[in-house]
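Structural characterization, general
Below are the chains, spelled out letter by letter.
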Amino acid sequence: QVKAQRGNAVCFFDPRMQVALSARARLESDLQDALREGQFLLHLQPQFTRDGAVVGVEALLRWQHPERGLVLPAEFIGVAEDSELIVPLGRWVLASACELLARWQASPRLRELSLSVNVSARQFRSPDFVEQLSQLLLRSGAPAHRLELELTESLVLEDVEDSIAKMHQLRTKGVRFAVDDFGTGYSSLAYLTRLPLHRLKIDRTFVHHLGESRSDDVVVQTILGMARNLDLEVVAEGVETEEQRSFLALHGCDVYQGYLLAHPMPVEALQARYGDAPQAQPTAAH
Ligand code: C2E
Ligand code: MG
Ligand code: MG
Ligand code: MG
């Protein structure tokens, strides 16, 4: 057991805590290596209109671990967010998103899609966030109006003035904004009208119990009604059943995302499924 002593303060470290701490530290350094070695990739999950047309995709981070295989964000995003690592990692995500959007310009179908990217608090708060993203957009040639940043309520509310300022600066360039996991946060609705928002994403925990839980039905109906009044689009995430989809459609939901319609998939798979019919390739002569 380790004992640290400074002045009168005596502090005992529980060995179990030390195990947990070193696991975290280890993961943090693994993530650093992973970023350097190019082990991160994006999966894309399509978003559909009520009529089933694809209108956009959400970029979801994945870690291709050499031994563990494909690792989901739940396993590592928290540790990245608690360290400075989320800043370069988040920048990598944005750079990759911009490259995709730029590349899709050449495709009549893909260039119509919006691309949504999740942004973490520490990343958004960094003083040069706007400048960095502006540079990425400029250098890649990506159409800024196809890029949507997903911010959570708690991110926005932890510093409303900073959030509004940054959102307006990026909005001027064409970037759009969605509130992610809507309904799970502080539910302070006053701020909504002050933000240059395009969409609300209803959290999937509400969607999950639609038709079974009277209270979740009411929450979802209320969000949809409010969004209509505020002239915001609503995206429902985690749509898994036909019942959920028809409830949402009945109450005027605009955009649908979830396993019922499509799972997140590798970029190549999405391009093959929703892109243009592949051109006949000339057979390679050897
Ligand atoms: P999120 O932004 O709310 O993303 C939606 C999550 O729901 C994704 O999980 C997606 O795979 C999952 N999902 C989609 N449809 C369904 C469904 O029908 N049922 C269920 N049960 N789940 C569904 P994923 O990819 O594991 O991502 C989890 C979270 O990690 C995201 O939640 C987001 O907060 C965070 N995240 C993902 N990528 C990034 C990133 O690039 N940067 C940051 N900062 N956070 C990210
Ligand atoms: Mg999201
Ligand atoms: Mg969400
Ligand atoms: Mg989330």
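Residues numbered from 1 in each chain as written. Chains lettered and ligands numbered in written order. Predicted model: local features only at pLDDT ≥ 70, side-chain atom pairs only at ≥ 80, totals over all residues. Heavy atoms only, no water.

An unreviewed UniProt entry lists the protein under the name Diguanylate cyclase/phosphodiesterase, with Acidovorax ebreus given as the organism.

Taken together, the neighbourhood of ligand 1 is formed by 21 residues, with Arg 62, Ser 120, Arg 204, Glu 240 and Tyr 259 sitting nearest. In this structure, Ser 120 approaches ligand 1 through a side-chain N or O atom, which is 2.7 Å from a nitrogen atom. Burial of ligand 1 by the protein chains amounts to 84% of its free accessible area of 790 Å². Most atoms of ligand 1, that is more than half of them, are within 2 Å of grid points of the largest pocket. (Near = heavy atom within 4 Å. Polar contact = N/O pair within 3.5 Å; in protein donor to acceptor, adjacent residues only side chain to side chain. Areas by Shrake-Rupley, 256 points an atom, 1.4 Å probe, with all protein chains shown as cover. 1 Å grid on protein atoms, 1.4 Å probe; cavity = no way out; pocket = protein on both sides within 12 Å on 5 of 7 lines; lining within 4 Å. Sits in = over half its atoms within 2 Å of the grid points.)

What follows deals with the coordination of the magnesium ion (ligand 3). Those protein atoms acting as donors to the magnesium ion (ligand 3) are Asp 180 (OD), Asp 181 (OD), Glu 237 (OE) and Glu 237 (OE), and they sit at 2.2 to 2.4 Å. Of note, the magnesium ion (ligand 3) draws all its donor residues from one chain, in the sequence arrangement D-D-x55-E. (Donors = N, O, S within 2.8 Å, 3.2 Å for Na, K, Ca; no water.)

A few words now on the packing of aromatic side chains. Within the structure shown, the criterion is met by five aromatic pairs. Aromatic pair Phe 40 and Phe 76: ring centres 5.7 Å apart, planes at 55 degrees, arrangement tilted. Here Phe 40 is found in strand β3 (residues 40–49), whereas its partner Phe 76 is found in the loop between β5 (69–71) and α2 (77–82), with 36 residues between them in sequence. Taking relative accessible area as the criterion, Phe 40 reaches 6% and is therefore assigned buried. Every member of this aromatic cluster is reached through a ring pair, and the members are Phe 40, Trp 63 and Phe 76. Stacked on the ring of Phe 124, the Lys or Arg Lys 166 has its end atom at 5.7 Å from the ring centre. (Phe/Tyr/Trp six-rings, centres within 6.5 Å; stacked < 30°, edge-to-face > 60°. Helix = DSSP H or I, 4+ residues; strand = E, 2+ residues; numbered from the N terminus. Buried < 20%, exposed > 50% of the residue type's maximum accessible area, 1.4 Å probe, protein only. Lys NZ or Arg CZ within 6 Å of the ring centre and 35° of its normal.)

Before going further, it helps to examine the layout of surface pockets. In this structure, the largest pocket encloses a volume near 1,100 Å³. Lining the largest pocket are 38 residues; nearest its centre among them are Glu 58, Leu 60, Pro 73, Asn 118 and Arg 204. Per-element accounting of the lining of the largest pocket gives the leading share, five residues, to strand β4 (residues 54–65). Class assignment for the residues of the lining of the largest pocket results in 17 nonpolar, 11 polar and 10 charged. The computed volume of the second largest pocket comes to approximately 220 Å³. Along the wall of the second largest pocket there are 13 residues; nearest its centre are Arg 26, Asp 30, Trp 63, His 65 and Arg 68. (Points joined across faces, edges and corners; volume = space filled by probe spheres on them. Nonpolar A, V, L, I, M, F, W, Y, C, P; charged D, E, K, R; others polar.)

Residues other than glycine seldom take positive phi values, yet Asp 181 does so here, at roughly 55 degrees. Here Asp 181 is to be found in strand β8 (residues 176–182). One non-glycine residue, Asp 231, lies in the positive phi region at around 65 degrees. By the element assignment, Asp 231 lies in the loop between α9 (214–230) and β10 (233–236).

Okay, the coordination of the magnesium ion (ligand 2) next. In this structure, Glu 58 (OE), Asn 118 (OD1), Glu 150 (OE) and Asp 180 (OD) serve as the protein donors to the magnesium ion (ligand 2), at separations of 1.9 to 2.3 Å. Sequence spacing of the donors to the magnesium ion (ligand 2): E-x59-N-x31-E-x29-D. In this model, the magnesium ion (ligand 2) sits 4.0 Å from the magnesium ion (ligand 3), the two metals being bridged by Asp 180. Here Glu 58, found in strand β4, pairs with Asp 180, found in strand β8; they are 122 residues apart in sequence, far enough to count as distant. The pair formed by Glu 58 and Asp 180 is uniform in burial state, with each residue classed as buried.

All buried positions along helix α11 (residues 267–274) are accounted for by Val 267, Leu 270 and Tyr 274. Projected down its long axis, α11 carries its buried residues within an arc of 65 degrees, all on one side. Those residues of α11 that are exposed and aimed more than 90 degrees away from the buried face are Glu 268, Ala 272 and Arg 273. Of the surrounding secondary structure, the elements contacted by the buried residues of α11 are β3, β4, α3 (86–104) and β12 (265–266). (Arc of directions from axis to C-beta. Contact = heavy atoms within 4.5 Å.)

This part takes up the environment of Gln 257. Among the secondary structure elements, Gln 257 is positioned in the loop between β11 (255–256) and β12. Among the polar contacts made by the side chain of Gln 257, one reaches the side chain of Glu 58 at a distance of 2.8 Å.

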